Amino acid sequence: NTAGKPIRCRAAIARKPREPLVIEEVIVAAPKPREVRIKIICTSLCHSDINNWKLERPPAIFPRILGHEAIGVVESVGEGVHEVVEGDTVIPMFLPDCGECADCLSKKSNLCSKYPFHCTPWVGRDETSRFTDMNGETLYHFLHVSSFTEYTVVEVARVIKVDPAIPANRACLFSCGVSTGVGAAWKAANVEIGSTVAIFGLGAIGLAVAEGARLCGAKRIIGVDVNQDKFEIGKKFGVTDFVNPRIIGDKTVSQQVIIEMTDGGADYCFECVGLTSLVHEAYVASRKGWGKTVMLGVDQPEAMLTLSSFEVLHTGKSIMGSLFGGLKPKSDIPVLIKRCMDKELQLDLFVTHEVEFEDINKAFDLLLEGKSLSISIHI
Ligand code: CXF
Ligand code: ZN
């Protein structure tokens, strides 16, 4: 029985920016009050892991255990944890859901105020680490999850108990990317039956938006991407039409094409690349009166979004941000899991590659090549 004691196990450590991760033995401390120690079964790679691995300047921080899309089994719980017990299958989440604050109690927000969202390299509540290497050096956490390890410690507010029947390589996807995309259509935008949707960028997130929009009953789902191959891929996720700004050659003309296709502009636009200039393009292509543009992509923190006062005032359109697609982890993720188990929400096509833990660096290469959607890493 390992409860209450430190565990020695293997973890993939990012020691320096852009250098391959190294699998080393580490010590994972016992969970503190309201924390859970989890044995990770499967994890997957998200662009946020890559972005933080590439970072050379602050907020770059190393050595660090990356990874935040995962599923695992509770090994032990800290004091005061009643929500889960040893042996429960759980999905850790970067976004908390304390269930007590004004935001968690409201249907309108998924931004917990007890554990406000910020990208700290620690276990959020007490700004300390549960990881040390064999030389006694502290290893930093990532997005409150750190899943590229056999064991990790996560606050119970970020843990969801799930049915162990769910296939592990599908389950991880609920922690971040796929949930964010599906949630953006379902919760953030609230796409209605018969509406028109334009998705800017058909990577994993954009395709997840398409899947979500399809489930919501959108009648036309327009994919916008400079890579023509994305149309064929997109069709499998519900994309009905495609606009390639590179072939059209001019962004204004691309916007005009979308406006014509939708008879006045798309009801809902989604930016899934992470360029504020593209948010503006999406906004222009959205319909006057009720068009809504949802921002999902992550641009540089200081990137500014520029809109003229008249285009806002005279068009009545709106732009909204959303973290995690506006999903409330503890109440909405079980709904998505059920739809997945009922074979309505198709996750199979998202898992394009699978690697063993030893080959974790291959997962980085594959995602960087841009030819994969989600890569499962079996721990
Ligand atoms: C992201 C969401 C936007 C802020 C940085 C982290 N989450 C996961 O990849
Ligand atoms: Zn992510």
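Our subject is the structure listed above.
A brief report on the enclosed structure follows. Just so you know, these numbers come straight off a predicted model, no measurement behind them. (Residues numbered from 1 in each chain as written. Chains lettered and ligands numbered in written order. Predicted model: local features only at pLDDT ≥ 70, side-chain atom pairs only at ≥ 80, totals over all residues. Heavy atoms only, no water.)

**Section: the side chain of T43**
Move 1: If you trace the backbone, T43 turns up in strand β3 (residues 35-44).
Move 2: The exposure class assigned to T43 is buried, which follows from its relative accessible area of 0%.
Move 3: Only 2.8 Å separates the side chain of T43 from the side chain of S147, close enough to count as a polar contact.
Move 4: Apart from the residues lying within four places of it in its own chain, the contact partners of T43 are E69, A70, S147, F148, C172, I375, S376, I377 and I379. (Helix = DSSP H or I, 4+ residues; strand = E, 2+ residues; numbered from the N terminus. Buried < 20%, exposed > 50% of the residue type's maximum accessible area, 1.4 Å probe, protein only. Polar contact = N/O pair within 3.5 Å; in protein donor to acceptor, adjacent residues only side chain to side chain. Contact = heavy atoms within 4.5 Å.)

**Observations concerning the environment of M134**
Move 1: For M134, the position within the fold is in the loop between β6 (131-133) and β7 (138-139).
Move 2: Residue M134 is classed as partly exposed on the basis of its relative accessible area of 42%.
Move 3: Separated by 49 residues in sequence, M134 and V85 place their C-alpha atoms 29 Å apart.
Move 4: If sequence neighbours within four positions are ignored, M134 has contacts with R8, E25, V26 and I27.

**Comments concerning the site of ligand 1**
Move 1: Around ligand 1 sit C46, S48, H68, F94, F117, L143, C176, V298 and L323, and that is every residue in its neighbourhood.
Move 2: S48 is positioned with one of its side-chain polar atoms (N or O) 2.5 Å from an oxygen atom of ligand 1.
Move 3: The contact in question runs from an oxygen atom of ligand 1 to an N or O atom on the side chain of H68, over 3.1 Å.
Move 4: Contact with the protein chains removes 80% of the 270 Å² of surface that ligand 1 exposes when unbound.
Move 5: Considering only residue class, the shell around ligand 1 consists of seven nonpolar, two polar and no charged. (Near = heavy atom within 4 Å. Areas by Shrake-Rupley, 256 points an atom, 1.4 Å probe, with all protein chains shown as cover. Nonpolar A, V, L, I, M, F, W, Y, C, P; charged D, E, K, R; others polar.)

**Observations regarding helix α9 (residues 276-285)**
Move 1: Taking burial as the measure, the ten residues of α9 include seven buried ones, the bulk of the element.
Move 2: Regarding α9, the residues found buried are T276, L278, V279, E281, A282, Y283 and A285.
Move 3: Buried residues along α9 sit in contact with β10 (196-200), α8 (251-261), β13 (268-271), β14 (292-295), α10 (309-313) and β15 (318-321).

**Brief notes about a nonpolar patch on the surface**
Move 1: A surface patch of nonpolar side chains, amounting to about 230 Å² of accessible area, comprises L111, F117 and L323.
Move 2: Mapped onto the secondary structure, F117 falls in the loop between α2 (102-105) and β6.
Move 3: Judged by relative accessible area, F117 falls into the partly exposed class, the value being 35%. (Patch = residues over 30% accessible without salt bridge, like charges linked within 9 Å, V, L, I, M, F, W, Y side chains within 5 Å. Salt bridge = Lys/Arg side-chain N within 4 Å of Asp/Glu carboxyl O.)

**Topic: the sheet that holds β6**
Move 1: Sheet architecture is open: four strands sit in the order β1-β2-β6-β7, paired in antiparallel fashion. Of all the strands in the sheet, just β1 (7-13) and β7 have a single pairing partner and so form its edges. (Pairing = 2+ DSSP bridges.)

**Quick notes on the pairing of strand β8 (residues 151-155)**
Move 1: Counting buried positions over the five residues of β8 gives five, a clear majority of the element.
Move 2: Judged from the five bridges that link them, β3 and β8 form a sheet pairing that is antiparallel. Counterpart to R37 in the pairing with β8 is V153.

**Some remarks on the pairing of β13**
Move 1: Of the two faces of β13, the one holding Y268 and F270 and the one holding C269 and E271 are both buried throughout.
Move 2: Taken together, the four bridges between β10 and β13 define a ladder with parallel strand orientation. Bridge assignment links A198 to a residue of β13, and that residue is C269.
Move 3: Both β13 and β14 contribute to a ladder of four bridges, which runs parallel. Among the inter-strand pairings, C269 is bridged to a residue of β14, identified as T293.
Move 4: You can see the chain leave β13, run along α9 and come back into β14, and the turn it takes is right-handed. (Right-handed = clockwise from strand over helix to strand, strands pointing away.)

**Describing α8**
Because the α-helix completes a turn every 3.6 residues, residues three or four places apart line up on one side.
Move 1: Turning to α8, its buried residues number three or more, namely S254, Q255 and I258. Take α8 and look down its axis: the buried residues cluster within an arc of 100 degrees, on one side only.
Move 2: Taken together, the buried residues of α8 touch β10, β11 (220-224), β12 (241-243), α7 (245-248) and α9.
Move 3: The distance from a side-chain oxygen at the start of α8 to the backbone nitrogen of T252 is 2.6 Å, and the residue carrying that oxygen is D250. (Arc of directions from axis to C-beta.)

**Thoughts on unusual backbone geometry**
Move 1: The residue after P58, namely P59, is reached through a cis peptide bond having omega 15 degrees.
Move 2: Tracing the chain through its elements places P59 in the loop between α1 (47-54) and β4 (69-77).
Move 3: P63 follows F62 through a cis peptide bond whose omega is -10 degrees.
Move 4: Locating P63 in the fold gives a position in the loop between α1 and β4.
Move 5: Residue E127 is not a glycine yet carries a positive backbone phi of 55 degrees.
Move 6: Backbone geometry at N190 places phi at a positive 60 degrees, although glycine is not the residue there.
Move 7: In this structure, N190 sits in the loop between α4 (177-189) and β10.
Move 8: According to the relative accessible area criterion, N190 is partly exposed, its value standing at 48%.

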